[in-house]
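Structural description and commentary
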Amino acid sequence: MLPSWEPLWPYRAVLAVDARDFGSLDSKGMQRVNADIPPLLTQALSASNVSAHWERRVFGQHTGDGYVAGMDPEVLPALVGHFPDALRQALSSRRAEYPHLKPLQLRVSIHVGPLPQSGLGVPMVHTHRLLDDKALRAVLKRGHPEITNTAVIVSQRVYEDVFDSGCVNDDVLPAHFHRRLVRVKKFEQPAYLHLPGFDWGLADPDIFEPSTTAGGDEEPGAEALVTSAPTAPAGPGAVTFNQYGEHGKQGYNFYDKRGRQ
């Protein structure tokens, strides 16, 4: 007798978004944001040339302050490439059209994995863990809401599948994505942070130092995002950031005018 086997669920590209500072809105404002997010996604995905896939999405559902849905994994190059900037432009157009409304900032996570039609499964959980990353929250909190309206994080699997295949859409480069170790509850995996059009080489490490929040529903600020192998100081007053150990613990060294640590 031949052995029995279970068919694997179809692989889905999972797209999830959350609105920043949703809890500060009144009931009417919450309803407005909840209603605005799907059309904004439709607009950005249409500009990314994946409208047909979006119309066939599975387990699409509101999450109160956001939206989540699954699509065919073949859309991943478009989601990683053109979609983030298209969403940024859609949000900018909303701000210009409705200047009386509070600017809307969206966190986005993109993952891929086998999921049933219901969407219930580990890849869905991981997608939401990525969405809760502290650095993803921090960059929107620290950014000007009328300028930095979109922050994206993609799983390592998505990053590797897209860039290793050479299929990424638009002119987005691997250097537009910053690798970091995401730790949320029991979840601990590498992922890649992306701000449309942002050059990570220009980042001031100090702005990503841990900070505390007085009140509000935001988590504390992110750990230092800029990491590198230990290097010699660049000059008097230089600060070097280093990453240590298998769990990516980070620290920095300050050197005085005599080059002493």
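Please refer to the structure placed before this passage.
My aim in this report is to walk through the structure given alongside it, one point at a time. (Residues numbered from 1 in each chain as written. Predicted model: local features only at pLDDT ≥ 70, side-chain atom pairs only at ≥ 80, totals over all residues. Heavy atoms only, no water.)

1. Some points on the pairing of strand β7 (residues 187-194)
Regular strands have side chains that alternate between both faces of the sheet. When strand β5 (residues 150-155) meets β7, the two strands line up antiparallel, connected through four bridges. Note on β7: the bridge partner recorded for V152 is H194. Of the pairings in the sheet, the one linking strand β6 (residues 177-184) to β7 comprises eight bridges and is antiparallel in character. Each residue of the ladder has a partner; that of L181, found in β7, is P190. Here β6 hands over to β7 after two residues, with K185 in that stretch at a positive phi of 55°. (Pairing = 2+ DSSP bridges. Helix = DSSP H or I, 4+ residues; strand = E, 2+ residues; numbered from the N terminus.)

2. Description of the packing of aromatic side chains
Applying the stated criterion across every chain yields a total of six aromatic pairs. Seen in terms of ring centroids, Y159 and F177 are 6.0 Å apart; in terms of plane orientation they differ by 65°. Their pairing is edge-to-face. Of this pair, Y159 sits in helix α7 (residues 156-165) while F177 sits in strand β6, placing them 18 residues apart in sequence. Look at Y159 and you get buried, because its relative accessible area is 14%. The class of F177 is buried, set by a relative accessible area of 6%. Members of the aromatic cluster, connected to one another through ring pairs, are Y159, F163, F177 and Y192. A cation sits over an aromatic face here: R57 above W54, 4.2 Å from the ring centre. (Phe/Tyr/Trp six-rings, centres within 6.5 Å; stacked < 30°, edge-to-face > 60°. Buried < 20%, exposed > 50% of the residue type's maximum accessible area, 1.4 Å probe, protein only. Lys NZ or Arg CZ within 6 Å of the ring centre and 35° of its normal.)

These figures come from the coordinates and say nothing about function on their own.
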